[in-house]
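The primary structure of each chain is shown beneath.
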Amino acid sequence: MQNKGLIKFATVVLSVLSLYSLSFTFFARKAEKEAKEFAQGDPVKEKNYLDSISSQPVYPIFGHNYQYVKEREMALGLDLKGGMNVTMEIDLSELLRNLANNPADPIFNEALKNAQQKLSTSREGLVSLFVSEYEHLNPDGKLAAFYSTKDNSSDIKLDDSNAKVKSYLEKQSNSAIERSYNILRTRIDKFGVTQPNIQLQLSSNRILVELPGVTDQERVRKLLQGSAKLEFFETFENHEIFPLLQNINGVLAAKQPKEQPKAAAKQDTTTAIAEGNKPALLSAKKDSTNKDSASNMASLAKANPLFSVLSPATYQGPNGEQSLRPGPVVGYAALKDTAQVNHYLNDPDIKAMIPPSVKLMWGVKSISKEAKVFELFAIKGSGVNNGAVLTGESITNAREDFDQKGNPEVTMTMNSSGAREWKRITAAAAGDPRNEDDNKCIAIVLDEMVYTAPRVGGEIPNGVSSISGNFSVEETKDLANVLKAGKLPAPAKIVSDFVVGPSLGQQAIESGLMSFVIAFVVILVFMAFYYNKAGWVANIGLVINLFFILGILTSFGFVLTLPGIAGIVLTIGLSVDANILIFERVREELALGKNTTTAIREGFKHAMPSIIDSNVTLFILGAILFIFGSGPVQGFATTLCIGIITSLFAAVLISRWIFESLIERKATITFDNNITRNAFKNLSFNFVGHRKTYYAISSIIIILGIIFYIKNDGLHLGVDFKGGRTYIVKFDQALSTEDVAKKLTEKFEGEEALVKTAGTDHSLKITTPYHISDENPDADNIVENALKKGLNELGVKYEISSSQKVTPTIASDIIYGAYGAILFSCIVMFIYILVRFKKWQYGMGAVIALFHDVLLVLSFYTILDGVMPFPLEIGQDFIAAILTVMGYTMTETVIVFDRIRERLSEHGKEDVHGEEKIQLINFALNSTLSRTILTSLTVFFVLLAIFIFGGDSIRGFIFALLIGRIIGTYSSLCISTPIVVDLSKDTKN
């Protein structure tokens, strides 16, 4: 074997990297376990403990802190730990109207209305559809007439073409989506969720938000769907507010219990940590605080409740004395202490002390990358209502720019009315032009968070301002987006959400691990039993393969979901396919009388083309799944594709290296035992001769499927295909699905309530389209209240363990994605086989078999719908199952085609015809039958283990894979290859 040294090196490197990646999870869990032990069941105490060690080393040798290892631990999906998954869609129609100053033109508005209607069934974006609709309704019309406004004059001229306007609108749309993304990201950070996942999907105007551990669904929905509120405020100076903070601190100290030594000790420790970080943090702002100040602050912590968590904004004066820092920043607090500061400031006695014109707001960003410390700003309310001096509606444009010295800055432009007001505001803030010390700041506030508070250098008369400071290019881009939030709104609405209760998440972890362990043990036992010592070599490769899969998933930050676990288990089941192919070829060589060394080398050599072809076809299908799928389907596809790559490395290269090492040591290597030695020998089934019988069997099943399709009023579509809301509800006793459906239909005002068992009679899956197209923000509450009202009248205890919502818009996208995935898969498979085997009949036979498999699986779904104790729905997971089944069929078929090609090559022929072709195909099918049956049985038992122990949430998905595995084996033996005979009939036959 060549390159043994390279294989050893690659194995060692991959092993070290995988171990390093997985070690982050170990040390993060270790720290969290210590936090639980310290907190003794108190969640607040546990969170405070973890916050306090966020910058402390928890990883030996390398000294990584808790925050570092937590960010790199294996990420679990919401189905494994509970939480809320929300898909937000940005409504760009409001943006298109605002950019044109809300025209009353009927053609403009009709074009926009038509574009919005077509959006749910088109793959194009709203801007493209709008421009096309306008040109259709008004062929000679120019959109520049609407968009060449005073505010847009620098970008659009009156004589510009529609193509240029379209390009401008696309740019503004992308900017609006990014702006919405940044606003949502800030709101979620403010919400305080651990490890949120926020993904921007520009191509679909959507933002995916995953919030682990969230239980307050209503609060999340309000937080995410609220309109952005941009405001400009005047500010107080630090020295004006510090006396107020001293008074607040004194009142809080007086309210503290007199004898609480333990609490005081704890408080003192917290302060010491916060203060100890202060000098480095303040130096980034070109200020400093001496160690004596930090020490004095720590010593006074017991008597100063507020100042123990909020450090006054001070700096070291020229003579070494501590002075109050100029500007509107009145204090600093660590992230973990902001909640306590808010608690103090919201105390009724304290609120009564704070003048109505004083608003204390947090800065949006930490002042240091090293530690999470935030500024508290003193905002001045103006007018009778103590509101902002200006709102974001006055801004016409904002862009990132550079000053004359090349430093990043933001240029902001206002409309005429805003410019007049801005002139007055900035003149007042600038004060005496001869004295820079009295220049005050204007705070830019979005959603009650201060983004920046620049000091006004002078009166700004023309409404064009530059905001400069110690900005990076990215920060100026973010600030420009924030400034445009008021003028160019792009409302975000929830089009899909999925909630998993923590108890269901824990159950999913347990069931997923159980299925994983059982399936893994099944494979190890089978390989060791059937192939004797060679089976143990394969098992070593399987263990290494598993290690590599988990290491790669963790190192690249992929999220592990329950379908992902199913993908790993399935990959392990499929990885034995390469070993079985090799071992069966070795046994053939041994049967020809060759010695073990020669047989192993010949076995690897002859098996390689089949291994490469089968794995390439499956990888292509996995990639298609990833591209066209979303959510759980992508999780399954990710682990499948990674597993295929690692399986090839482990099963082919590492196994070969182990065999070569055993040969060098002259060890005895056996590939069978007395029971398995003569299994599948001398088989001679006439598959081609009976092909018409198989055609008839398949036709009968498909006809039955059509009959049941009509009887059942079509396929049972899941909510992700038709839109609607689904709830998994667990009861303390068994209930009749008909009774529950009747009661809920009444509460849903006659709308359908589809109720099915979800694993047991105590668990029901409730689906309804009630209010699904209602854009009212309270629609979710209306439906949930109606659901609870109906369930309460049943008179039993219940728990809503999970919920899902999919609007018709996103459902249509999923349907088109599913169609595209299946059709694209068939086209790619046909092209691959045509190129690989150079005969269109082979490619067509494989494609016919793929359609045959899809029809058979659908037929079984319609026949068994209502018979199985779990819902057989057609949804995203079903499409994933269908594509995986197609992968099975292609794998089996390609291996037979490889054997046919090999046989032809041995006889020096390109093709044969007539009876000779029938004999050749039968030979190929019989010679690969042992491998087909062994692989099918292995995968079948793996799937069976997942089906039994894997939990209710993926049972329907695994059932589709189970029947698909059977159909795929049947199809590869009885349909895809025999049909080549019928496709090849010509004059030579």
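The coordinates are above.
Keep in mind that what you see is a predicted model, and the values were worked out from it rather than measured.

Rules used in this analysis
- Residues numbered from 1 in each chain as written.
- Predicted model: local features only at pLDDT ≥ 70, side-chain atom pairs only at ≥ 80, totals over all residues.
- Heavy atoms only, no water.
- Core = buried A, V, L, I, M, F, W, Y, C linked by side-chain atoms within 4.5 Å.
- Buried < 20%, exposed > 50% of the residue type's maximum accessible area, 1.4 Å probe, protein only.
- Helix = DSSP H or I, 4+ residues; strand = E, 2+ residues; numbered from the N terminus.
- Contact = heavy atoms within 4.5 Å.
- Pairing = 2+ DSSP bridges.
- Axes fitted to C-alpha atoms, helices over the stretch in contact; angles between N-to-C directions.
- Parallel < 35°, antiparallel > 145°, perpendicular 65-115°, else oblique.
- Nonpolar A, V, L, I, M, F, W, Y, C, P; charged D, E, K, R; others polar.

Would you explain the nonpolar core in this entry?
For soluble globular proteins, the rule of thumb is that nonpolar side chains tend to be buried together. Counting 121 residues, the largest nonpolar core has F583, F659, I833, Y861 and I900 as the members making the most contacts within it. The biggest single contributor to this core is helix α20 (residues 502-555), with 15 residues. Setting aside residues up to four positions removed in sequence, Y861 forms contacts with L872, E873, I874, F878, G956, F959, A960 and I963. Of all hydrophobic cores here, the second largest spans 43 residues; its members include L126, V127, V131 and V499.

Help me out: how do you make sense of the pairing of strand β16 (residues 449-452) in this one?
Note on strand geometry: in a regular strand, side chains alternate between the two faces of the sheet. With 3 bridges connecting them, strand β15 (residues 442-446) and β16 associate as antiparallel partners. Directly across from V445, in β16, lies its bridge partner V450. Between the antiparallel neighbours β15 and β16 lie 2 residues, among them D447 with a positive phi of about 55°.

Hey, could you run me through the environment of I523 in this one?
With respect to the helices and strands, I523 occurs in helix α20. A residue is classified by how much of its surface remains accessible, and I523, at 1% relative accessible area, is buried. C-alpha of I523 to C-alpha of G535: the two residues are 12 residues apart in sequence and 10.0 Å apart in space.

Just checking my understanding: could you explain the packing of helix α24 (residues 691-711) against helix α33 (residues 955-976) for this structure?
A packed helix pair is summarised by two numbers, namely the angle formed by the two axes and the spacing between the axes. Contact geometry of α24 with α33 gives a least axis separation of 9 Å together with a crossing angle of 130°. It follows that α24 is oblique to α33 by the angle criterion. For the pair α24 and α33, the contacting residues are Y694, Y695, I697 and S698 in the first and Y970, C974 and I975 in the second. Here the contact of α24 with α33 is composed, by residue class, of 6 nonpolar, 1 polar and no charged.

Would you mind going over the sheet that holds strand β14 (residues 408-414) with me for this structure?
Two modes of strand pairing occur in sheets, parallel and antiparallel, and in both the strands are linked by backbone hydrogen bonds. Taken together, the 3 strands give an open sheet; going across it, the order is β13-β14-β17, and neighbouring strands pair in antiparallel fashion. Looking at strand neighbours, the two that pair on one side only are β13 (395-402) and β17 (464-468), the edges of this open sheet. The sheet shows a mean angle of 20° between the axes of neighbouring strands, taken without regard to direction. Judged from the 5 bridges that link them, β14 and β17 form a sheet pairing that is antiparallel. Bridge pairing in β17 links E409 to S468.

Read these as geometric descriptors, not functional statements.
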